Amino acid sequence: MDGKRRSRHRTAIAWWSLRRRSWAAAVPMLMVVGLLTTVQPAMAAPTGSTIAPAQPENASTEAWEPRPTLPGPVVVPRKGTRPAPFTSRTAPVSPKALPGQEKATGNGLRADAGSAVRSRTAGAGQDADWYCQEQVARRTSVNADADNYSATVEYLAELSCNFYLDYAYGVAGVVDRTPGYDGTLLYVGSPFAFNRYYYGATSGGVRIPGDFYDGGRQVEILFELYLLAPVGSAWGACGPLPGLRYLLCEGLGTDLLHIVLGTGTFDSGLAAPVIRFTALGDSYSAGTGAPPYLGPPNPGICRRANATYSMQVQGDRFRGLPIDRTNLKACHGARINDLTNRQSLEEFAQVDYVKPYTRLVTVTIGGNDLGFAAKLRDCALSDCGGAPLVTPAELQATQTRLVSLYQNILSRMRSDAVLAVLSYPAFLPVPGVDPLPTSSGCFGTNATIDTAELTRIAEATAQARDMIAAAVRATGDGRIVFVDAYDVFQGHRVCSGDPWSNGFVVADPEDSFHPNARGYRAMADRLRQVLGITL
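Residues numbered from 1 in each chain as written. Predicted model: local features only at pLDDT ≥ 70, side-chain atom pairs only at ≥ 80, totals over all residues. Heavy atoms only, no water.

Draft legend 1. Seen up close, the state of the cysteines. This structure, assessed with the given rule, holds four disulfides. Bridging Cys238 to Cys249, the disulfide has an S-S length of 2.1 Å. Because the sign of the S-S torsion sets the handedness, a value of about 85° for the bond joining Cys238 and Cys249 places this disulfide among the right-handed ones. Of this pair, Cys238 sits in strand S13 (residues 233-238) while Cys249 sits in strand S14 (residues 245-250), placing them 11 residues apart in sequence. As far as the burial class goes, Cys238 and Cys249 line up, both buried. Here Cys302 connects covalently by a disulfide to Cys331, the sulfurs 2.0 Å from one another. Every disulfide takes its handedness from the sign of the S-S torsion; for Cys302 and Cys331 that torsion is -90°, giving left-handed. Of this pair, Cys302 sits in the loop between helix H2 (283-286) and helix H3 (309-312) while Cys331 sits in the loop between strand S20 (327-328) and helix H4 (336-340), and the two are 29 residues apart along the sequence. Taken as a pair, Cys302 and Cys331 share a single burial class, namely buried. (Disulfide = S-S within 2.5 Å. Helix = DSSP H or I, 4+ residues; strand = E, 2+ residues; numbered from the N terminus. Buried < 20%, exposed > 50% of the residue type's maximum accessible area, 1.4 Å probe, protein only.)

Draft legend 2. Highlighting the pairing of strand S17 (residues 277-281). Burial of S17 is extensive: five of the five residues sit out of reach of the surface. Covered by surrounding structure in S17 are Phe277, Ala279 and Gly281 together with Thr278 and Leu280, the residues of both alternating faces. Bridging between S17 and strand S21 (residues 360-364) involves five bridges; their strand directions are parallel. Paired with Leu280 across the two strands is Val363, which belongs to S21. Where S17 lies against S20, two bridges are found, and the strand directions are parallel. Looking at the pairing, Ala279 lines up with Leu328 of S20. (Pairing = 2+ DSSP bridges.)

The following block contains the structure:
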């Protein structure tokens, strides 16, 4: 070994320690002894090698798409240009051997008399068994932090021969074997190449962001090599290699062997992909009206309930993936500003819970900004039937603020996510559509809200629906979907035989005129219908 190679050999030790036995006796064993550091491919048989660390991806709302840089064509001495790695057609193949080479170890070489084969150890005769062996060591780890769910796949791929090759080229990479992604290259490392030597190694790794890429659950490490035998010799076998399978073996009977080896498919450690779901908004999304309410760490003022529509779709399937546990952040009494500012000291602003990996967001908001709660109270305590409950100016001002809010939410979630904006259901009888309450039924409502007031309330609810729909359109973003919930309680409004909304609730007035559990179930069904969510 010359001085330059000795220096390179000494600087290569970091993570993998290879304790070598005789190549005739066993394949070298790999020992994990530390963390990963960068290393140039080794040109000597070292006592240790390293794997370059997989670098984390920058935070982004874009879905991750692997774009590895592929090496160019390989120029082999005496043979000219050969196809670039990872471009040849491959498929699992059994080990191959020419007659008389069936028991060859690894890549067996057939050396004729007068061949130029030179042993790497002293004393080997011309009739010795000449061969090369490859091995691939790998390691996987998973980062399960809430905002950085990822798997790291790392490898060290080595070639070692008991004779001097005229030339060798090798490169390894990680390929996706997940159904639907099979064959996608996730990563390609730096190749090694040498002349008249017997050892080479390459290392690398990739971090797969599990919330941004739906593949990468099953992977395989590929190791592609061109091996040029000494003049006067030829390759006789692609023999079995512990822990590896052949995906390509061409060149038997010639002096240039082209092989692709694989580790076989293994799990990266990532769980199956899911729809990360955050539910925002006011009382109509929190679950007000359908107790019991969730306790700590949920703030008591938010009146969140498991009965709310967003909690009912978790576990359903959206775009072929299951909806994950609902991150319910809607809060009773919320106004538009409360989504971008803290409403409670116990939590951040609601929009802060929309993450770059969020795939689905739902929201109802704007009713409190229009003063619906106070105006309903006025209808019950006095007369509100003489004039519209909301003015065009109020509707326009609220719409402008909603557009800004929706754009804020859209900027935070995945680029392929969906923001579903629900309007409010008409919960009181709509004159001309529903039977009007009688004096003998529907305690409280018929005594305080007359037909003219019911007309004004239905009118204002429809105006709010149209304003919300206009705000959705004004964003100009195809990821936002309007869900019209105005008529979901039709036939089941307050004072009907089977109401899906509360009327006056004396025991807890805050529950008044909010959906009950059946009403939230109807809202969940409408959401499923519009978004194509399946059970």
